[in-house]
Every structure is written in C-alpha cells, then in structure tokens.
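# Coordinate inspection notes
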Amino acid sequence: MTVAAFSRTAGAVGAGWNRLPGFWRAQIVGWGLFAVVDLVNLTLLYRDLPVALGRTAAVVTCLVLLSTAMRQVYASRHFDNTLSARAVAWIALLSVGGGCIVAALVSTAGVRAGWSLPGRDALDDFIFPLTHYAIVLAGWSLCYFWIHAEVAEQAEHRRAIRAEAEALRAELEELRLQLDPHFLFNALNGVAEEIPEHPAAALAMLRDLNTYLRHSLDGIHQTVMSVEAEVAGTGAYLRVQQARFGPRLRVTLHLDPAAAPRRIASFLLQPLVENAVKHGRREPALEVGIDIRATADGLQIEIRNSGALENAPRPRQRRPGIGLENVRRRLALHYPGRHRFVLDERSDDGGTVVAALVLEGEPCSGS
C-alpha cells in the first residue's frame, strides 16, 4: 500500500470514527480493552489461544448486546439517565440477569466446544462466570451513569457560558448603540464651528468621528479583534476629544509594535478611556496616557489619567454598562482565570489614576 493510499484509508477511518455517536465510541474502546484483558486471562487459564479467542469473542459480543439493551432501560423516562435508589436496584437486577445469560452461554458452549477447565464441575462453570460478568455489567452501569452525569454537567456549563456570553454581547451592543449623546452633539457642534474658518480641521475631526462610529457600530458582532484595530477606534475617539478641548487635553499613546497584531476582546479599552476623559482632573489640563506592551504570552496595558480615585465613576451612572463592572465581567468571559485588573492611584504629579490590565493568552470568543 502506498503512502497516499494509506493516508486516504486513515482519513476515511478517522472520519467514520468521528461520525459515530459518543456512546458507541465509548462502547468500542471500553469493550475492546476488556476483550484484550479477558483474552490474556483466558489464554493463561486454558493455555490454548484458539479456545481463548473463541470464548472471548462470544462473551464480548454478548456483553456488548446486553449493555446496549441496558442502556435503553437507563435512558427510558423511568430513569432518565439519573442514578437513584431505584436505578441502583435495577442495576443489580439487570447485572445479575445479564451475568446469568453470559454464564449460560459459556456453560453451554463449554460443554460442546470443550471450554471446561480441569477441576471444575458444571456448577462451578456456571457460578464463576455468573459472578464475574455480573460484576462487570454492574461496573459498566455505574460508569455509564457517571459518564452521563459528567457529560450533562459539562453541557450545562457550556449552556451557562453561552447564556453569559449572549447577555454580555447584548449589553455590549446596547453600549455601542447608545452612544453618548453629549459626546456626539458636542463633536458635531465642534465640526460646525470649525468649518467656516478651519475647514481642514473640521474635515479631520469629521473623519475621526466617522472612524470612531464605524469602530463602535461595525464591530457589534465581532467580539475579538486585533489590538491595532481596537487602538484605531480608541485613538479616533481621543482625537475628537482633543479637537474639542484643545490644549486642555493632552494624550500620549504608545503601542508596542509586537502587540499590534495580537488579539484582544473588542471594545475592552474604550470604557476605561472614556472614564479617564470624563472623570479625570482638568486643571490645569487633563492628561491621558495609554501604554500597550506585548508580553511573552499576552498583553500588558496601562491607561492613566490625572486625578484621584474619588473622582472615579460611581456605581450609578448615566450610561449603564460603561463602568468597571462591565469591564470585569468581559474579562472573566474572555480571559477566565488569565487576567489581572487593578485600578490604583499614584501620588506623582499631583495624583494619577492608573487602570492596569494584564491579559494572558488568546481571548475566548465568548460564542
């Protein structure tokens, strides 16, 4: 067989395996391992490989059929795949019944095919297999309920995560769609004032406003984007504010080139930057700084503004979802257990509020 033919065969087998339901994949793996152990054990007992092969094939086939039938009972509306006192009683009953069937098969076939072991009478040839295979079926039943409970718990966890993601996505869409009316009104008013005497400045301001609005609206269904794209939208917002406030707003923005292509949860920086502009100290001038650096496996971000924490946003805000709680929830969704967020105040230069973010790894899409 050529390498290409072998590759095609392996691919077809892999595709067929993936199409199998999870139950049958577990059946094949579980009973396959049991068959290997049983074959080795019977080979040592009989010291005859053909006899051991024949008995193992017959027993494993019978066990597969019995366990499949037992699964239908456990999945019925009377049990609903839930382990209860009633289910335990049925496990015992069905396991003993299944053990009797396998023992009868082994005992009957043993007489005809010569499978009997020296030193054992007919009763021993029935009792020993009955006990052994009843325990095997009881163990299979307990494993079935345990695996099903684990799968159900994981499915419920995934549903909870999806529900949280949908709730946050709806909140984020509301945040983006309900643009600050005062910001929009003041920006357009600033454009109108600049048009007669400074048309170039008005055009630049209008372009920045357009970039910011596109970033806010077009990314509604884009939960993750590059740092470069996120900074482009945030930078456009800051330039519009600079055009409004002039020298009273000083902005420094540093983006590590290595961080630009990294991925980040979209609209994560915007609430922090907006809060810095709204709540920072404006006398003699508001200073806002953004520093984004790449680390070995993530990002390190600092957003600074002149001021003090007592000027920071209160829990009750005019724009719901714009505050720190929204940021923390989105961090928990996109970077579960892989982030640090600290809001601190430094006493340098009359006081500086610093929002520090450490993001590790790639953000989860949240979908």
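For the structure, see preceding data.
Below is a short write-up of the structure. Within every chain, residues take consecutive numbers counted from 1 along the sequence as written. Totals for whole chains, interfaces and linings use all residues, but because this is a predicted model, local features are given only for residues with pLDDT of at least 70 and pairs of side-chain atoms are given and counted only at 80 or more. Side-chain descriptors were evaluated using all non-hydrogen atoms of the structure, hydrogens and water having been removed beforehand.

### Regarding the packing of helix α2 (residues 22-46) against helix α3 (residues 49-74)
We apply this condition: Structural elements are reduced to axes, namely lines fitted to C-alpha atoms, with helices fitted over the stretch in contact, and the angle between N-to-C directions of any two is expressed from 0 to 180 degrees. The numbering of helices and of strands both runs from the N terminus, where a helix is a DSSP run of H or I of at least 4 residues and a strand a run of E of at least 2. For this classification, under 35 degrees means roughly parallel, over 145 means roughly antiparallel, 65 to 115 means roughly perpendicular, and everything else is oblique. Note on convention: the crossing is left-handed when the near helix lies turned anticlockwise from the far helix by less than a right angle, right-handed when the turn is clockwise. For this analysis, residues touch if any pair of their heavy atoms sits within 4.5 Å. Here the nonpolar group is Ala, Val, Leu, Ile, Met, Phe, Trp, Tyr, Cys and Pro; Asp, Glu, Lys and Arg are the charged ones; every other residue, Gly included, is treated as polar.
One can describe the packing of α2 onto α3 by two numbers: an axis separation of 9 Å at closest approach and a directional angle of 150°. In this view, α2 runs roughly antiparallel relative to α3, as classed from their interaxial angle. Crossing hand, α2 versus α3: right-handed. Taken together, the residues of α3 that come into contact with α2 (itself represented by Phe23, Trp24, Gln27, Trp31, Phe34, Ala35, Asp38, Leu39, Leu42, Thr43 and Tyr46) are Leu49, Val51, Ala52, Leu53, Arg55, Thr56, Val60, Leu63, Val64, Ser67, Thr68 and Arg71. Classifying every residue of the contact of α2 with α3 by side-chain character gives 15 nonpolar, five polar and three charged.

### Quick word on the nonpolar core
The test is simple: Here, nonpolar core refers to any group of buried Ala, Val, Leu, Ile, Met, Phe, Trp, Tyr and Cys residues whose side-chain atoms link them within 4.5 Å. Relative accessible area decides the class of each residue, using a 1.4 Å probe on protein chains only: under 20% of the type maximum gives buried, over 50% gives exposed, and in between gives partly exposed.
Ranked by internal contacts, the top residues of the largest apolar core, which has 39 residues, are Ile264, Ile301, Ile303 and Leu359. The leading source of residues in this core is helix α8 (residues 227-245), at seven residues. Apart from residues no more than four positions distant in its own chain, Leu359 is found in contact with Ile264, Leu268, Gly298, Leu299, Ile301, Leu331, Tyr335, Arg338 and His339. Grouped together as the second largest cluster of nonpolar side chains are 22 residues, Ala35, Val60, Ile91 and Tyr133 included.

### Considerations on the pattern of salt bridges
Stated formally: Salt bridge, as used here, is a side-chain nitrogen of Lys or Arg placed within 4 Å of a carboxyl oxygen of Asp or Glu.
For the structure on display, the rule yields eight salt bridges. Between Glu287 and Arg250 there is a salt bridge, with the nearest N and O atoms lying 3.1 Å from each other. With a gap of 37 residues between them, Glu287 in strand β4 (residues 286-294) and Arg250 in strand β2 (residues 249-255) connect regions that are remote in the sequence. According to the relative accessible area criterion, Glu287 is partly exposed, its value standing at 41%. When the shortest N-O distance is used, the salt bridge between Glu360 and Arg340 registers 3.6 Å.

### Quick word on the packing of aromatic side chains
Note the threshold: Planes of paired rings set the category: under 30 degrees apart is stacked, over 60 is edge-to-face and the rest tilted, where pairs are Phe, Tyr or Trp rings (Trp by its six-membered ring) whose centres lie within 6.5 Å. The criterion is that NZ of a Lys, or CZ of an Arg, lies within 6 Å of the ring centre and within 35 degrees of the ring normal, and then a charge sits over that ring.
Within the structure shown, the criterion is met by nine aromatic pairs. Judged by centre distance (6.5 Å) and plane angle (25°), the ring pair of Tyr74 and Trp140 falls under stacked. With a gap of 66 residues between them, Tyr74 in helix α3 and Trp140 in helix α5 (residues 122-177) connect regions that are remote in the sequence. By the burial criterion, Tyr74 is buried, and Trp140 matches it. Arranged with centres 5.5 Å apart and planes meeting at 15°, the rings of Trp140 and Tyr144 form a pair that is stacked. In this pair, Trp140 and Tyr144 both sit in helix α5, four residues apart, roughly one turn of the helix. Ring-pair connections join several aromatic residues into one group, and the members of that group are Phe23, Trp24, Tyr74, Trp140, Tyr144 and Phe145. Sitting over the ring of Phe23, Arg71 keeps its end group 4.1 Å from the ring centre. Positioned above the aromatic ring of Phe245 is the side chain of Arg282, whose terminal nitrogen or guanidinium carbon lies 4.8 Å from the ring centre.

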